[in-house]
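The residues making up each chain are set out below.
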Amino acid sequence: MKFEKLGNIATIKTGKYDVNHSTPDGEYVFYTCAYGQFKSPTYSFEGPAIILPGNGANVGEVFFYDGKFEAYQRTYVVQNFKADPNYIYAYFKAEWKKSLHNKQFGSATNYIRLNNLTDFSIPLPSLPDQLHIANILSNAENLIAQRKESIRLLDDFLKSTFLEMFGDASTNKNKFQKGTIRDVVSEVKYGTSSPAEEEGLYPYLRMNNITPDGYMDYSKLKYINIVDQKEKEKYVVRKGDLLFNRTNSKELVGKTGVFNEDSEMIIAGYLIRIRTNEKANPWFLWGYLNSIHGKQTLLGMCKSIVGMANINAQELQGIKILIPPIELQTQFAQIVEKTEALKTQYQQSLQELENLYGSLSKKAFRGELSINKNQKAVQV
């Protein structure tokens, strides 16, 4: 398969505006070097384009847009392709970030140079093969997007179920008993301030192990060694413990997850371990603290100190809540657990799809998915 440098098969330009050109009510999409699309009153580009951040933390990311749009002055726009643009886009997604390893510049702000792009070498099979490969990878990508949407809908389902079963806490239309979190807990403990290690007896949960949506994320674990049993009991978390992130940026303080693993782990000092008494199921408290009303309450009460916001254990226990009958809370917990089981299946399926995409991508750009070599083709 022949290779061509990008500079020979497409035009490469940058935008001409700074971020102040963005307006909330602009008619056109405005690409900067940040995630997310802003709006612009003007457009300078039209048609299929690959859009690449030229500086900052997102160098290496790749976006695609087909239509009228505007671009930031350090954002590169690749257009006027002498090949299928979707095929080129797929190759960028597979190889662009890897190609920049040890090729980025700047000590304070990371940036790339134009020749990073013009010299970027792309394998070019025949046009029918390009279309064939782009179609296969696009189908796989659509399946990944559908699975992610299914997972998101499960999260929305739990939020709507909580609201349907318990109502809005501000109106209490079901006339549930009122109280505070202090009324429904048996124990509230801070984590340890001991440093994390790469290896150790126990996984060490820190604030990044709770997602903003209130789920546990064990993908980036550190470890800790605690040999004293009394010391361990102060900080260990077990199945059913509620974990509250007491210190973070203002929008993230109060992240709350339920530890639902059979193994034991240790919590760091920025987390609070909460154990409920007979009046509350931890999944009910989790549902409230992740509800719109709960989030607004937390946002309104956190205190900012040197750029970080905080809610201490006493303030947490003072939060006013409704206390529905425990039987109703248990029903909600059962729904959560069934939904979480289904979500686990979806996440496994998502991982398999992402692995499939990676495998197809490697085969495609090694020339193993051409129409002639594979008449049976890979059906996705």
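Residues numbered from 1 in each chain as written. Predicted model: local features only at pLDDT ≥ 70, side-chain atom pairs only at ≥ 80, totals over all residues. Heavy atoms only, no water.

Participant: Mind showing me how you'd approach the overall build of the protein chain here?
Facilitator: If you tally the helices and strands in the protein chain, you get nine helices and 21 strands. Along the first, second and third principal axes, the C-alpha set of the protein chain runs to 70 × 50 × 45 Å. Looking at the protein chain as a whole, 46% of its 380 residues are labelled buried. Of note, the protein chain has its 46 positive side-chain charges centred 2 Å away from the centre of its 41 negative side-chain charges. (Helix = DSSP H or I, 4+ residues; strand = E, 2+ residues; numbered from the N terminus. Buried < 20%, exposed > 50% of the residue type's maximum accessible area, 1.4 Å probe, protein only. Lys, Arg positive; Asp, Glu negative; His and termini not counted. Charge placed at Lys NZ, Arg CZ, Asp CG, Glu CD.)

Participant: Help me understand helix α6 (residues 282-289), please; the structure alone is not making it clear to me.
Facilitator: It helps to recall that an α-helix has 3.6 residues per turn; residues three or four apart then point in one direction. Most of α6 is tucked away: eight of the eight residues are buried. All of the buried residues in α6 are Pro282, Trp283, Phe284, Leu285, Trp286, Gly287, Tyr288 and Leu289.

Participant: Looking at this structure, how should I read the environment of Leu205?
Facilitator: Inspection of the secondary structure assignment puts Leu205 in strand β11 (residues 202-205). In contact with Leu205, other than residues within four places in its own chain, are Met216, Tyr218, Leu221, Val237, Leu243, Phe259, Met265, Ile266, Ile267, Ala268 and Leu271. (Contact = heavy atoms within 4.5 Å.)

Participant: Looking at this model, I keep getting lost on the nonpolar core. Mind explaining?
Facilitator: Buried together is how nonpolar side chains tend to be arranged in soluble globular proteins. In this structure, Leu6, Ile88, Phe92 and Ile122 are the most contacted members of the largest nonpolar core, which totals 40 residues. Elements supplying a minimum of two residues to this core: α1 (6-9), β5 (45-53), β7 (75-79), α2 (85-99), β8 (121-124), α4 (127-166) and α9 (326-365). The leading source of residues in this core is α2, at eight residues. The contact partners of Phe92, leaving out residues within four places of it in the chain, are Leu6, Ile50, Leu52, Val62, Leu117, Phe120 and Ile122. Ranked by size, the runner-up nonpolar core spans 35 residues in total, among them Met165, Tyr215, Val258 and Ile321. (Core = buried A, V, L, I, M, F, W, Y, C linked by side-chain atoms within 4.5 Å.)

Participant: I'm lost on the sheet that holds strand β13 (residues 236-237) in this one. Help?
Facilitator: Working definition: the strands of a sheet are paired by backbone hydrogen bonds and lie parallel or antiparallel to each other. With respect to topology, four strands assemble into an open sheet ordered β12-β11-β17-β13, the strand pairing being mixed. A strand with exactly one partner marks an edge of an open sheet, and here the two such strands are β12 (222-224) and β13. (Pairing = 2+ DSSP bridges.)

Participant: Just checking my understanding: could you explain the packing of aromatic side chains for this structure?
Facilitator: Between two aromatic rings, the relevant description is the distance of the centres plus the angle of the planes. Counted by the stated rule, this structure contains 22 aromatic pairs. Considering the side-chain rings of Tyr31 and Tyr65, the 5.9 Å spacing of their centres and the 65° angle between planes classify their relative orientation as edge-to-face. Here the residue Tyr31 occupies a position in strand β3 (residues 28-31), and Tyr65 occupies one in strand β6 (residues 63-71), the gap between them amounting to 34 residues. Taking the relative accessible area as the measure of exposure, Tyr31 reaches 5% and is therefore buried. Overall, the relative accessible area of 22% leaves Tyr65 in the partly exposed class. Aromatic pair Phe166 and Phe332: ring centres 5.7 Å apart, planes at 80°, arrangement edge-to-face. Placement of Phe166 in helix α4 and of Phe332 in helix α9 is noted, with a sequence separation of 166 residues between them. Phe332 matches Phe166 in its accessibility class, with the two residues each being buried. Each residue in the set Tyr87, Tyr91, Phe92, Trp96, Phe120 and Phe365 is aromatic and connected to the rest through ring pairs, giving one cluster. The aromatic ring of Tyr346 is capped on one face by Arg147, whose charged end is 4.9 Å from the ring centroid. Over the face of the ring belonging to Tyr215 we find Lys343, whose NZ or CZ atom lies 3.3 Å from the ring centre. (Phe/Tyr/Trp six-rings, centres within 6.5 Å; stacked < 30°, edge-to-face > 60°. Lys NZ or Arg CZ within 6 Å of the ring centre and 35° of its normal.)

Participant: What is the right way to look at the pattern of salt bridges in this model?
Facilitator: Any two side chains of opposite charge can pair if their charged atoms end up close together. For the coordinates displayed, the defined rule picks out 17 salt bridges. Asp262 serves as the salt-bridge partner of Lys239, at 3.4 Å between the closest nitrogen and oxygen. Remark: Asp262 occurs in the loop between β16 (256-258) and β17 (265-267) and Lys239 occurs in the loop between β13 and β14 (242-245); sequence separation between them is 23 residues. As far as the burial class goes, Lys239 and Asp262 line up, both exposed. Glu315 is the partner of Lys303 in a salt bridge, and the nearest nitrogen-oxygen pair spans 2.7 Å. With Lys303 in strand β19 (residues 303-305) and Glu315 in helix α8 (residues 313-317), the pair connects residues that are twelve residues apart, well separated along the chain. On the basis of relative accessible area, Lys303 is assigned to the partly exposed category, the value being 48%. Counted as one network, the salt bridges with shared partners bring together Glu187, Asp241, Arg273 and Arg275. (Salt bridge = Lys/Arg side-chain N within 4 Å of Asp/Glu carboxyl O.)

Participant: When you look at the confidence of the model for the protein chain in this model, what are you seeing that I'm missing?
Facilitator: Predicted coordinates in areas of low pLDDT are best not read in detail. In this model, the protein chain carries an average pLDDT of 92, and 95% of its residues clear a pLDDT of 70 or more. Predicted confidence is poor over residues 376-380, with pLDDT under 50, and the contacts of this stretch with residues over four places away or in other chains come to nine contacts. (pLDDT = per-residue confidence, 0-100.)

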